[in-house]
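What the coordinates show
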Amino acid sequence: MGSVTAAKPRVVTPPALPSSHAAPRLQVDNVSLRYQSPSGGTFTALEQVSFEVPDQQFAVLVGPSGCGKSSLLYLTAGLAEPTEGEIYVGGERVQGPGADRGMVFQGYTLFPWLTVRQNIEFGLKRRKMPAAQRKEIVDYYLNEVGLTQFADNFSKQLSGGMMQRVAIARALANDPQILLMDEPFGALDSQTRLQMQQLLLRVWGHSKKTVLFVTHDIDEAILLGDRVYVMGARPGRIKQILDVPIERPRTLDMVMERSFIDMKREIFGLLHDELEEAH
Ligand code: ADP
């Protein structure tokens, strides 16, 4: 087992985020989202959410069901518009979907009529990248996600974990500014989920893309993240921001380390308070 560090999680209470000298890769600025309810009233899914994700950071949103995690990701993806506030990716205001944001969702979103290779190169082909350059990039990512031997398979011949590996490779092949991941391992069995977490840690370690990752699994949040944004519900908001005090590379046995358990307790406490407040 790795060395045991007893460092306590460093608590950063919003809005006192350290502003990095470089412009943040993602900036969520005072975002509120309200839905019209069928009765004619409004439901506030997100209220005045502000945070910044620096370049190359792995940011994780964690919170109870219904706190607006997916909504925040959808707004960042440009699939919906905030009622108030703005979102910037690489300094550009988000005004709709764009290739600068790669997405991996829980549901399998591969094109079933395309092979693994064709799925990964889809965005590159749309950008009319020359075939030789496309091949080089696709071969690299096939190898990264361990699917070189499955390049010519169709998605129906793949397991759930393999499909998500293709989705990760497809998103990264486009060289997005940020990778948006919405519970990407939520539908997988627990063993496959652990394997996928390890794979993502390895691939991310090479690509160092900025990531915004949604999960309700505290272990997953700590294992993967540089920083965990704990959300609360009714209305959806950022409750607490915690830096993960665990060195990289991360391995699964780190879940038994003191610093991991301390942080888990801290997040669990915040989420538990949330449940208490709901009653
Ligand atoms: P989470 O991902 O944290 O579970 P969501 O972002 O999916 O939360 O949803 C936040 C809240 O907004 C929930 O209460 C949900 O019921 C509500 N909501 C989501 N989409 C819609 C919609 N299209 N119309 C009305 N309410 C919605």
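Rules used in this analysis
- Residues numbered from 1 in each chain as written.
- Predicted model: local features only at pLDDT ≥ 70, side-chain atom pairs only at ≥ 80, totals over all residues.
- Heavy atoms only, no water.
- Buried < 20%, exposed > 50% of the residue type's maximum accessible area, 1.4 Å probe, protein only.
- Helix = DSSP H or I, 4+ residues; strand = E, 2+ residues; numbered from the N terminus.
- Contact = heavy atoms within 4.5 Å.
- Domains from an automatic or database assignment.
- Buried area = accessible area lost by both parts, 1.4 Å probe.
- Salt bridge = Lys/Arg side-chain N within 4 Å of Asp/Glu carboxyl O.
- Polar contact = N/O pair within 3.5 Å; in protein donor to acceptor, adjacent residues only side chain to side chain.
- Near = heavy atom within 4 Å.
- Areas by Shrake-Rupley, 256 points an atom, 1.4 Å probe, with all protein chains shown as cover.
- Nonpolar A, V, L, I, M, F, W, Y, C, P; charged D, E, K, R; others polar.
- Axes fitted to C-alpha atoms, helices over the stretch in contact; angles between N-to-C directions.
- Parallel < 35°, antiparallel > 145°, perpendicular 65-115°, else oblique.
- Left-handed = near helix turned anticlockwise from the far one by under 90°.
- Pairing = 2+ DSSP bridges.
- 1 Å grid on protein atoms, 1.4 Å probe; cavity = no way out; pocket = protein on both sides within 12 Å on 5 of 7 lines; lining within 4 Å.
- Points joined across faces, edges and corners; volume = space filled by probe spheres on them.

1. Observations regarding helix 2 (residues 116–126)
An α-helical turn contains 3.6 residues, so any two residues separated by three or four positions project in the same direction. For helix 2, every residue scored as buried is listed here: Val116, Asn119, Ile120, Glu121, Gly123 and Leu124. Here the buried face of helix 2 lies against helix 3 (131–144) and helix 4 (160–173). Just downstream of helix 2 lies lysine 128, where phi reads positive at about 60 degrees.

2. A short note on the domain arrangement of the protein
What the domain assignment lists for the protein is domain 1 (22–100 + 178–279) and domain 2 (108–175). Tallying the contact residues gives 15 residues for domain 1 and 12 residues for domain 2. Surface buried jointly by domain 1 and domain 2 totals about 1,200 Å² across both partners, of which 69% is contributed by carbon and sulfur atoms. Run the count over domain 1 and domain 2 and you get one salt bridge. The partner of aspartate 175 in a salt bridge is lysine 209, and the shortest N-O contact between them spans 2.6 Å. Inspection of the region where domain 1 meets domain 2 yields four residue pairs in polar contact (both at pLDDT 80 or more). Broken down by secondary-structure element, the contributors of at least two residues to the side of domain 1 that touches domain 2 are strand 8 (178–182) and helix 5 (190–207). At eight residues, helix 5 tops the list of elements feeding residues into the side of domain 1 that touches domain 2.

3. Re the site of the ligand
Around the ligand, the structure places Tyr35, Phe43, Ala45, Pro64, Ser65, Gly66, Cys67, Gly68, Lys69, Ser70 and Ser71. Expressed as a share of its isolated accessible area of 560 Å², the protein-covered part of the ligand is 58%. When residues of the shell around the ligand are assigned to their parent elements, the largest contribution, three residues, is made by helix 1 (residues 69–77). A breakdown of the residues in the shell around the ligand according to their chemical character gives five nonpolar, five polar and one charged.

4. With respect to the packing of helix 2 against helix 4
Contact pair helix 2 / helix 4: the axes reach a minimum separation of 8 Å and the direction vectors enclose 25 degrees. Viewed along their axes, helix 2 and helix 4 adopt a mutual orientation that is roughly parallel. Crossing of helix 2 against helix 4: the hand is right-handed. Residues Val116, Asn119, Ile120 and Leu124 of helix 2 form the contact with helix 4, whose own contacting residues are Val166, Ala169, Arg170 and Ala173.

5. Some thoughts on the sheet that holds strand 2 (residues 26–36)
Two modes of strand pairing occur in sheets, parallel and antiparallel, and in both the strands are linked by backbone hydrogen bonds. One open sheet holds the four strands; their spatial order is 3-2-5-6, and the pairing between them is antiparallel. Every interior strand has two partners, whereas the edge strands, strand 3 (42–53) and strand 6 (92–93), have only one. Here strand 2 pairs with strand 5 (residues 84–89) via five bridges, running antiparallel. Following the sheet pairing, glutamine 27 is matched in strand 5 by tyrosine 88. Lying on the sheet, helix 1 is in contact with strand 2, strand 3 and strand 5; it crosses strand 2 at an angle near 115 degrees.

6. Some words on the layout of surface pockets
Estimated volume of the largest pocket: approximately 550 Å³. Around the largest pocket, the lining comprises 18 residues; the ones closest to its centre are Arg101, Met103, Phe122, Arg126 and Asn174. For the lining of the largest pocket, the elements supplying multiple residues, two or more each, are strand 7 (101–105), helix 2 and helix 4. Residue contributions to the lining of the largest pocket peak at four residues, all from strand 7. Residue classes in the lining of the largest pocket are distributed as nine nonpolar, five polar and four charged. For the lining of the largest pocket, the domains that each give at least three residues are domain 1 (22–100 + 178–279) and domain 2 (108–175).

7. Quick notes on the pattern of salt bridges
With the rule as written, the count across this model stands at 14 salt bridges. The partner of aspartate 100 in a salt bridge is arginine 101, and the shortest N-O contact between them spans 3.0 Å. Classification of arginine 101 as buried rests on a relative accessible area of 8%. Members of the salt-bridge network, linked through shared partners, are Arg117, Lys135 and Asp139.

8. A look at the pairing of strand 11 (residues 237–243)
For strand 11, a buried count of five out of seven residues is recorded, marking the element as mostly surrounded by other parts of the structure. Pairing analysis gives six bridges linking strand 10 (residues 227–232) to strand 11, with the strands arranged antiparallel. The residue bridging tyrosine 229 from the neighbouring strand is isoleucine 241, located in strand 11. From the end of strand 10 to the start of strand 11, which pair antiparallel, there are four residues, and arginine 234 there has a positive phi angle of about 50 degrees.

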